[in-house]
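Here is what each chain is made of, one letter per residue.
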Amino acid sequence: MMIDATAMRGPPSSGGSYQRRRRRKQKRRRSMIDPAAFEKRSLLWFLFLVGVIVCLADVAYILRYVDDTKSSSTDHHPHQALSSRTLRDAVRQSSNSLKETLEGMEMLMGSNDQEFSNSGLSLEEFKIMNRQLRDHEAEIYKPKTVHIHSGKEEEKPPPLTDDEWVQIVETKKPILEMLQHAFKLKQPVDLRTEVDPQTLKDLPTWEQVTRLYGDKPRIKGLEQCEAFQNHSEKAEHFLAVAGSFNSGTNLMSELLISNCHMQDRMDVYGSKNRGVRWQVPWGKHSPPGDEEFRLEHKTMKDSDVDAHNVLPAVTIRDPFVWMNSMCRIEYAAHWHHDPHGHCPNLIPDEHDLKEWSKFLEPMKPIPVHVKYNQFWKHYESLVGLWNDWNREYYNSSFPSLIVRYEDLLFHPEEVTETVCKCAGGSLRKDGQFVFILNSAKKGETAHGPIEFRTGFLKALIKYGKRTTNPKLTISDLRYASIHLDKEMMNFFNYKHPFDVDP
């Protein structure tokens, strides 16, 4: 019998490896003659090359139009005021990573051109103003000074004289004592070194604060505390936050979570179950008037929470300041308005009537429509929204507390302790009250005097002095004076702008 020697040799290597190489070669040959695969590969290369060209063009564009001289005409290009030498230094510092360089250029070019050219700021100073727009890994720009509102670096303001400090202490003593605790300073005089002199001067006097809000906090619903604590097992109780849009719910949540705990619940469920929730289970911005919705609707993290076991801590805010905030951030509210023009707009002016002639009528309030979770509600105006939303908690049949946002600023320790104890809780065991020094909406924890200066102090200055919004017309003010809920205005000591001295 004859045996074929060729058949006996078999493939040059193991069968599996041989077959894989053979398939790869066949696939490459097919891709070379397959028009669809060729077009796809060509398109990807084309897009890649276009991207590289665009990136290089951006860098060349910036370097071309940035003048080395400070005195050249500003008619040439809006970024004329920048120094190309500084920019080139920034490019060189990040030359090890093309991505970092391009991100730095994008952040620079993404700034408002008009704002940049008008400011006359250096590149370093402009970086300070824009540092919160996005995180940038490469530290290309280094700020030189905290004061960024002029075209050149400013020297530190002169320290307070002894007479100026004595006057500040005499007129602002309660505020200074609160700041001393927030800064954890040994004595108020240390504020002279921790806070810049101009900020200390800008702080409101205690007389200005009490003229606006009185000398004590105003809390609605304290008579219901005992009923809430006794109605069911205390280990099942929660303290949670609610409030309309822009009313300060985040600050209330931060203060309670940082300082309050429900010991009865912790004894049963462990130390991590402190009994303080970020919002009520039916949604912190949802009005509670629909009893079925309040009891049945649950947010994703509150599916197992019984609404009867929750004490809402509701925030309310001066309606005139609140309306200004609604113009900046509308949330789920919809009404015809120009946020950069006549707003707050309660009664349409000529521009409103011309812009929305099909929807608005002269001397008739501008309606507001709000999309809540699973339903819409319609209000007569922004004033109607403030009235109706807060009134549902003000007249609620279930225990709840309503707290002024302004009291969270000027009486944070007293208000936090009162609300916490009403729910059956207690403050931190170490006795150290935690102030929320930075903006609560940003979700950042404070770390040092700079954050304090740009957060808490700024709020004290803003809310301690009443300024009338110039965009409110006489018709708006007249309408607000007539239609704002007088009972709630009186209880919370909120005043019409005409009733407060500037």
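Only a predicted model underlies this, so the values are computations on that prediction, with no experimental measurement involved.

**Comments concerning the sheet that holds strand β5 (residues 310-316)**
Moving on, step 1. Taken in spatial order, the 5 strands line up as β1-β9-β5-β2-β4 in an open sheet, and their pairing is mixed. With one partner strand each, in any of the chains shown, β1 (219-220) and β4 (276-277) form the two edges of the open sheet.
Moving on, step 2. Sheet topology places strand β2 (residues 238-243) next to β5; 6 bridges connect them, and they run parallel. In the strand pairing of β5, L239 is matched with L311.
Moving on, step 3. Packed on one face of the sheet, helix α18 (residues 382-394) meets β1, β2, β5 and β9 (401-404) and runs near 150° to β5.
Moving on, step 4. Taken strand by strand, helix α20 (residues 412-422) contacts β1, β2, β5 and β9, and its axis lies near 175° from that of β9.

**A few points about the state of the cysteines**
Moving on, step 1. Across all of its chains, the model carries 3 disulfides by this definition.
Moving on, step 2. A sulfur-sulfur separation of 2.1 Å characterises the disulfide bridge that pairs C260 with C420. Across the disulfide from C260 to C420, rotation about the S-S bond amounts to roughly 80°, and the bridge is consequently right-handed. With C260 in strand β3 (residues 260-261) and C420 in helix α20, the pair connects residues that are 160 residues apart, well separated along the chain.

**Observations concerning the pattern of salt bridges**
Where charged atoms from two side chains of opposite charge come close, those side chains can pair.
Moving on, step 1. Taken as a whole and judged by the stated rule, the model has 12 salt bridges.
Moving on, step 2. For E164, the salt bridge identified is with K201, shortest N-O distance 3.5 Å. Here the residue E164 occupies a position in helix α8 (residues 162-183), and K201 occupies one in helix α10 (residues 197-202), the gap between them amounting to 37 residues.
Moving on, step 3. The shortest N-O distance in the salt bridge between E207 and R211 comes to 3.4 Å.

**So, unusual backbone geometry**
Moving on, step 1. Going from C343 to P344, the amide bond is cis rather than trans, its omega being 5°.
Moving on, step 2. Relative to the helices and strands, P344 is located in the loop between β6 (333-334) and α17 (350-355).
Moving on, step 3. Phi at N246 takes a positive value of approximately 60°, unusual for a residue other than glycine.
Moving on, step 4. Of note, N246 is situated in the loop between β2 and α13 (249-259).

**Points about the pairing of β2**
Moving on, step 1. Within β2, 6 of the 6 residues are buried, which leaves it mostly tucked inside the rest of the structure.
Moving on, step 2. Inspection of the sheet shows β2 paired to β4 by 2 bridges, in the parallel sense. In the sheet register, L239 faces β4, and the bridge partner there is V276.

**A word on helix α16 (residues 319-328)**
Moving on, step 1. Burial within α16 is extensive, with 9 of its 10 residues counted as buried.
Moving on, step 2. Residues of α16 that are buried: P319, F320, V321, W322, M323, N324, S325, M326 and C327.
Moving on, step 3. Taken together, the buried residues of α16 touch β6, α18, α22 (456-464), α23 (474-483) and α24 (486-491).

**What to know about the packing of aromatic side chains**
Moving on, step 1. Taken as a whole and judged by the stated rule, the model has 17 aromatic pairs.
Moving on, step 2. In textbook terms, an aromatic cluster arises when at least three aromatic residues are bridged by ring pairs, as seen for F245, F293, Y331, Y372 and F375.
Moving on, step 3. Seen from the ring of F238, R277 lies directly overhead, with NZ or CZ sitting 4.8 Å from the centre.
Moving on, step 4. Above the ring of W282, the side-chain terminus of R294 is found at 5.4 Å from the ring centroid.

**Brief notes about the packing of α16 against α18**
Relative placement of two packed helices is described by the angle separating their axes and the distance separating the axes.
Moving on, step 1. Following both chains from N to C, one finds α16 and α18 inclined at 115°, their axes separated by 10 Å at the closest point. In this structure, the crossing between α16 and α18 has a hand that is right-handed. Residue-level contacts link P319, W322, M323 and M326 of α16 to L382, V383, L385 and W386 of α18.
Moving on, step 2. Partitioned by chemical class, the residues of the contact of α16 with α18 number 8 nonpolar, no polar and no charged.

**Remarks on the sheet that holds strand β8 (residues 375-379)**
Moving on, step 1. Overall, antiparallel pairing links the 3 strands, which are arranged β6-β7-β8 in an open sheet. Each having just a single partner strand, β6 and β8 make up the two edges of the open sheet.
Moving on, step 2. With 2 bridges connecting them, β6 and strand β7 (residues 368-372) associate as antiparallel partners. Within β7, the position partnered with A333 by the bridge is V370.

**A short note on the side chain of S381**
Moving on, step 1. Relative to the helices and strands, S381 resides in the loop between β8 and α18.
Moving on, step 2. Overall, the relative accessible area of 0% leaves S381 in the buried class.
Moving on, step 3. Within the structure, the side chain of S381 is placed 2.9 Å from the side chain of Y479, a separation counted as a polar contact.
Moving on, step 4. When near neighbours in sequence (up to four residues on either side) are disregarded, S381 contacts P365, I366, P367, V368 and Y479.

**Section: α13**
Given 3.6 residues to a turn, an α-helix orients residues that are three or four positions apart in the same direction.
Moving on, step 1. Of all 11 residues in α13, 10 are buried, a share of seventy percent or more.
Moving on, step 2. If you check which residues of α13 are buried, you get T249, N250, L251, M252, S253, E254, L255, L256, S258 and N259.

**Looking at the nonpolar core**
Moving on, step 1. Ranked by size, the top nonpolar core spans 100 residues in total, and within it L256, L385, Y393, L409 and L460 carry the most contacts.
Moving on, step 2. No other element matches α8, which puts 8 residues into this core.
Moving on, step 3. Those residues within four positions of L385 in sequence are excluded, and the remaining contacts are W322, M326, V368, V370, Y372 and Y379.

**Points about the pairing of β7**
Strand residues, when the strand is regular, have side chains that alternate between the two faces of the sheet.
Moving on, step 1. Residues V368, V370 and Y372 of β7 are buried on one face, while the alternating residues H369 and K371, pointing to the opposite face, are not.
Moving on, step 2. Note that β7 and β8 share 5 bridges and pair antiparallel. Each bridged residue has a counterpart across the sheet, and for V368 the counterpart in β8 is Y379.

**Topic: a nonpolar patch on the surface**
Moving on, step 1. Judged by side-chain polarity, W45, F48, L49, V52, I53 and L56 come together as a nonpolar surface patch covering roughly 650 Å² of accessible area.
Moving on, step 2. Along the chain, L56 falls in helix α3 (residues 35-65).
Moving on, step 3. Under the relative-accessibility criterion, L56 is labelled exposed at 53%.

**Re the confidence of the model for the protein**
Moving on, step 1. Across the protein, pLDDT averages 78, with 69% of residues at or above 70.
Moving on, step 2. Per-residue pLDDT stays below 50 along residues 1-14; that stretch engages in 5 contacts with residues further than four places along the chain or on separate chains.
Moving on, step 3. Note that pLDDT drops below 50 for residues 442-454; the model gives that stretch 21 contacts with residues more than four away or on any other chain.

Rules and cut-offs
Residues numbered from 1 in each chain as written. Predicted model: local features only at pLDDT ≥ 70, side-chain atom pairs only at ≥ 80, totals over all residues. Heavy atoms only, no water. Pairing = 2+ DSSP bridges. Helix = DSSP H or I, 4+ residues; strand = E, 2+ residues; numbered from the N terminus. Contact = heavy atoms within 4.5 Å. Axes fitted to C-alpha atoms, helices over the stretch in contact; angles between N-to-C directions. Disulfide = S-S within 2.5 Å. Salt bridge = Lys/Arg side-chain N within 4 Å of Asp/Glu carboxyl O. Buried < 20%, exposed > 50% of the residue type's maximum accessible area, 1.4 Å probe, protein only. Phe/Tyr/Trp six-rings, centres within 6.5 Å; stacked < 30°, edge-to-face > 60°. Lys NZ or Arg CZ within 6 Å of the ring centre and 35° of its normal. Left-handed = near helix turned anticlockwise from the far one by under 90°. Nonpolar A, V, L, I, M, F, W, Y, C, P; charged D, E, K, R; others polar. Polar contact = N/O pair within 3.5 Å; in protein donor to acceptor, adjacent residues only side chain to side chain. Core = buried A, V, L, I, M, F, W, Y, C linked by side-chain atoms within 4.5 Å. Patch = residues over 30% accessible without salt bridge, like charges linked within 9 Å, V, L, I, M, F, W, Y side chains within 5 Å. Areas by Shrake-Rupley, 256 points an atom, 1.4 Å probe, with all protein chains shown as cover. pLDDT = per-residue confidence, 0-100.

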